[in-house]
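Structural overview for review
Each chain, written out:
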Amino acid sequence: MSVAAQSVASAPAVWVQGLFKRFGEKAIVEGLSFRIQPGECYGLLGPNGAGKTTTLRALLGLTPFDAGQLEVLGFPVPRQSRQARARIGVVPQLDNLDPDFTVEENLLVFGRYFGLSDRQVRARIPALLDFAALSGKRAARINELSGGMKRRLTLARALVNGPDLIVLDEPTTGLDPQARHLVWERLRELLARGKTILLTTHFMDEAERLCGRLGVIDHGSMVAEGAPRELIAQHLEPYVVEVYGDGAMQWLDAHRGELPARVEISGETVFCYAAAPEPVVRALQGHHDLRYLQRPANLEDLFLRLTGRGMREEA
Amino acid sequence: MSFAPASRWHWPRPSRLSLAVLRRNFLVWRKTAATTVLGDVLDPMVVLLALGYGLGKLLPAIEGVPYITFLAAGSICMGTLYGASFEATYSAFSRLQVQRTWEGMLNTPLSLDDVLWAEILWAATKAFKSGVAILLVVLLFDISRQPTLAWIPFVLMLAGLTFAALAIIVTALAKGYDFFMYYFTLVMTPMVFLSGVFFPVNQLPAGLAAVMQCLPLAPAINLIRPLVLGQLPAQPMLYVAQLAVTAALAIWLASVLMHRRLLR
């Protein structure tokens, strides 16, 4: 292996430095920086309108930006974004499969966009269909497929060029739980093969199951970054007791002083974040109009902690 | 440091990959060819035969030839115009907006220049096919069999490109299918009626006739009508240049508007 090849191998798969992007007066991305190592699964988390999709579009060279430096798979973007896109597979937020074509034709036609010969693509199709669990649907039209099948085909299509980096924008939005688990399993298989994955999501279980590291963004900048468990430990007490029911607010007023917990209210639910849940649970004894749930703090708590509980007008 | 990827004001330059987009459209067309051929070809053909033979019986010779022979050139141009316009508006918009086909393409090494050129060339190809189909009807029904007809396909290639590029500008501005009604009603229909398809433009007030000569249907008719009658056009290079310049401006403007729309 040459020196140059070695340095490429250890270079980050994605490198974003000080990205700024505005539409007119409105800043969408404000000084975002992060890097993704090869073989990593990195999740961009954030509320709607936080700048996730804009960041992905910038990485693909599909939107001009106002400041910052981007490098994807060693290619500076946007200058060499075409070369970068040749090594990337993209799963968009909404399916854009070709409805006029069969499953197989979708893969064939898409492969041609990468400059692949029909022979090259045809050689790859059986493995791609197998990966997507669609071998039996080879000749089916797109409108005969279920939502989960379409998603899997979109994923298989994103692999037609044998990409090093796979970019997924909310890959399981709109899927039922079974279909979602099947997509997760496929993504883990891709990670096992050494692919790098960048995904956006607002499903916390998805982020927790798949991502080695997370970047939580809000209003276009990074508010926290790290491994899911570390982030939770860093920002939150280990336990949560959720209290709800008709008397929840009165109960809180009566016990607020004595609870050894940080209390947050969201809608009709009282969230008590505590190092130990027992004192909170003791304070609940005898209140039969209340229901409660005791659990470890999770990513959803973290997400709400970092991005706020308020309803957003633009969301 | 600020950076815009290839400023939207550039002249669009396609790469070899744009052929893959053309092949995609061709594959779709092959599956639906029967119905599209009906729409593209039958309509102008019916107009030509019905008006030409029906109305023509009641009319004296126009500019010294039977009405249907006069109408033939206009029909060929009209077929080309409609072939280009339907493909570059309704069909292209489906791929751009409704099916998000363009979005998928732009996530590959294809550039917007590739996709745009492929769409324009595809619509021009369909326009060419529509125009040539009517030319064949003209031959088949012995409306004209002049050797100068052999020049017409070359004119149709250029005219199809011009009409396609103009229509794709409208697509770049469209928010929905309804928008195309404006183009068809406010631009295409008056252009068809006032550019000399159905009657000689010297029947029009001089001012209006002069305005219509600036629109791109007029030079196409000015080139094709003499060729149907067995003559060579008086100022061929002028009309070819008018079509070519209109096409170039339209392609550039379409590119600017599509970049503004998609790569913002």
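Residues numbered from 1 in each chain as written. Chains lettered and ligands numbered in written order. Predicted model: local features only at pLDDT ≥ 70, side-chain atom pairs only at ≥ 80, totals over all residues.

A look at the overall build of chain B
- Summing up its helical and strand segments, chain B has nine helices and zero strands in all.
- Secondary structure of chain B in N-to-C order comes out as α-α-α-α-α-α-α-α-α.
- Computed over the C-alpha atoms, the radius of gyration of chain B is 19 Å, within 12% of the 18 Å expected from 2.2 N^0.38 for a compact globule of 264 residues.
- Reported as C-alpha extents along the three principal axes, the dimensions of chain B are approximately 70 × 40 × 35 Å. (Helix = DSSP H or I, 4+ residues; strand = E, 2+ residues; numbered from the N terminus. Rg over C-alpha atoms; globule rule 2.2 N^0.38 Å.)

Digging into the overall build of chain A
- Along chain A, the regular secondary structure elements total twelve helices and 14 strands.
- For chain A, the C-alpha atoms occupy an extent of roughly 75 × 45 × 45 Å along the three principal directions.
- Burial analysis of chain A (315 residues in total) assigns 38% to the buried set.
- Partitioning the contacts of chain A with sequence separation of at least 6, the portion at a separation of at least 24 is 70%. (Buried ≥ 20, exposed ≤ 12 C-beta atoms within 10 Å, placed from the backbone. Contact = placed C-beta atoms within 7 Å.)

Re the interface of chain B and chain A
- On the side of chain A, 25 residues touch chain B, which itself brings 26 residues to the contact.
- At the level of elements, α1 (18-58) and α3 (101-106) of chain B are the ones that each hand at least two residues to the side of chain B that touches chain A.
- Considering each element in turn, the side of chain B that touches chain A owes the most residues, six residues, to α1 of chain B.
- Grouping the constituent residues of the side of chain B that touches chain A by class yields 13 nonpolar, seven polar and six charged. (Nonpolar A, V, L, I, M, F, W, Y, C, P; charged D, E, K, R; others polar.)

Considerations on the environment of Glu206 of chain A
- Mapped onto the elements of the fold, Glu206 of chain A is located in helix α8 (residues 204-210).
- Once residues within four sequence positions are removed from consideration, Glu206 of chain A is found in contact with Thr172, Trp184 and Thr201 of chain A.

Some points on the domain arrangement of chain A
Residues and elements named next belong to chain A.
- Taken domain by domain, chain A consists of domain 1 (1-39 + 46-87 + 195-230) and domain 2 (236-307).
- Computed from C-alpha coordinates alone, the two centres of domain 1 and domain 2 are separated by 36 Å.
- At the interface, ten residues of domain 1 touch six residues of domain 2.
- Contributing elements (two or more residues each) for the side of domain 1 that touches domain 2: α8, β9 (213-218) and β10 (221-226).
- Top contributing element to the side of domain 1 that touches domain 2 by residue count: α8, with three residues. (Domains from an automatic or database assignment.)

Examining the packing of helix α2 (residues 67-98) of chain B against helix α8 (residues 217-228) of chain B
Residue and element names in this part refer to chain B.
- Between α2 and α8, the shortest axis-to-axis distance is 9 Å and the interhelical angle comes to 140 degrees. One way to sum up the angle between α2 and α8 is to call them oblique. Helix-helix and strand crossings are classified by hand; for α2 and α8 the assignment is right-handed. Where α2 abuts α8, its residues Thr69, Ala72, Ala73, Gly74, Ile76, Cys77 and Leu81 lie against Leu217, Ala220, Ile221, Ile224, Arg225 and Val228. (Axes fitted to C-alpha atoms, helices over the stretch in contact; angles between N-to-C directions. Parallel < 35°, antiparallel > 145°, perpendicular 65-115°, else oblique. Left-handed = near helix turned anticlockwise from the far one by under 90°.)

Observations concerning helix α12 (residues 299-307) of chain A
Residue and element names in this part refer to chain A.
- Those residues of α12 not exposed but buried are Leu299, Asp301, Leu302, Phe303, Arg305 and Thr307.
- Elements that come into contact with the buried residues of α12 comprise β3 (41-45), α8, β9, α9 (228-235) and β11 (239-245).
- One or two steps after α12, the chain reaches Gly308, where phi turns positive at roughly 85 degrees.

Some remarks on the sheet that holds strand β1 (residues 14-23) of chain A
All names here are of chain A.
- Pairing in this open sheet of four strands is antiparallel, and the strands run β2-β1-β4-β5 from one edge to the other. If you trace the sheet from one side to the other, it starts and ends with β2 (26-36) and β5 (75-77), each paired once. In this sheet, neighbouring strand axes are inclined to one another by 25 degrees on average, regardless of whether the strands run parallel or antiparallel.
- The sheet contact formed by β1 and strand β4 (residues 67-72) spans five bridges and is antiparallel. (Pairing = 2+ DSSP bridges.)

Observations regarding the nonpolar core
- If you look at the biggest cluster of nonpolar residues, it comprises 143 residues, and the most contacted ones within it are Cys77, Ile120, Ala123, Ala164, Ala165, Ile168 and Ile224 of chain B.
- Of the domains in this structure, domain 1 (1-39 + 46-87 + 195-230) and domain 2 (236-307) of chain A are the two that each give at least three residues to this core.
- Non-local contacts of Ile168 of chain B, meaning those with residues more than four positions away in its chain, are made with Ala88, Ala92, Glu119, Ile120 and Ala254 of chain B.
- In this structure, Val240, Phe271, Cys272 and Ala274 of chain A belong to the second largest nonpolar core, which totals eleven residues. (Core = buried A, V, L, I, M, F, W, Y, C linked by C-beta atoms within 7 Å.)

Some thoughts on unusual backbone geometry
- Omega for the bond connecting Val77 of chain A with Pro78 of chain A falls within 30 degrees of zero, at 10 degrees, which places this linkage in the cis form.
- Mapped onto the fold, Pro78 of chain A is located in the loop between β5 and α3 (81-86).
- Despite not being glycine, Ala133 of chain A has its phi angle at roughly 55 degrees, a positive value.
- The residue Ala133 of chain A is located in the loop between α5 (118-131) and α6 (147-158) in this model.
- Assessed through the 15 C-beta atoms surrounding it within 10 Å, Ala133 of chain A is described here as partly exposed.
- Within the chain, Glu63 of chain B stands out as a residue other than glycine whose phi angle is a positive 50 degrees.

Digging into the sheet that holds strand β14 (residues 290-296) of chain A
Residues and elements named next belong to chain A.
- Ordered by their spatial adjacency, four strands build an open sheet running β12-β13-β11-β14, and the pairing between neighbours is antiparallel. The open sheet is flanked by β12 (262-266) and β14, the only strands paired with a single partner. Within this sheet the neighbouring strands show an average axis-to-axis angle of 20 degrees, counted without direction.
- Note: β12 against strand β13 (residues 269-274), five bridges, orientation antiparallel.

Quick word on the pairing of β1 of chain A
- Strand direction decides the pairing type here: β1 of chain A and β2 of chain A, joined by eight bridges, are antiparallel. Residue pairing across strands places Leu19 of chain A opposite Leu32 of chain A, the latter belonging to β2 of chain A.

A short note on the confidence of the model for chain A
- Looking at chain A, pLDDT values average 91 and 95% of them are 70 or higher.
- A low-confidence stretch, residues 1-8 of chain A (pLDDT under 50), is modelled with two contacts involving residues beyond four sequence positions or located in other chains. (pLDDT = per-residue confidence, 0-100.)

Quick word on the pairing of β9 of chain A
Residues and elements named next belong to chain A.
- Relative to β9, β3 is paired through four bridges, and the arrangement is parallel. Residue pairing for β9: Tyr42 is matched across the bridge by Arg213.
- Hairpin connection, β9 to β10: the antiparallel pair is bridged by two residues, and His219 has positive phi, about 50 degrees.

Some remarks on the packing of α6 of chain A against helix α7 (residues 177-192) of chain A
All names here are of chain A.
- Close contact between α6 and α7 brings their axes to 9 Å; oriented N to C, the two are set at 15 degrees. Judged by the angle between their axes, α6 and α7 are roughly parallel. As for how α6 packs across α7, the hand of that crossing is right-handed. Contacts from Gly147, Gly148, Arg151, Arg152 and Leu155 of α6 reach α7 at Ala179, Leu182, Val183 and Arg186.

Digging into the environment of Lys150 of chain A
Residues and elements named next belong to chain A.
- Counting through the fold element by element, Lys150 comes out in helix α6.
- Note on Lys150: 19 C-beta atoms within 10 Å, which makes it partly exposed.
- As a C-alpha pair, Lys150 and Arg119 span 31 residues in sequence and 24 Å in three-dimensional space.
- With residues up to four places along the chain from it excluded, the contact list for Lys150 reads Asp95, Leu97, Ile142 and Leu145.

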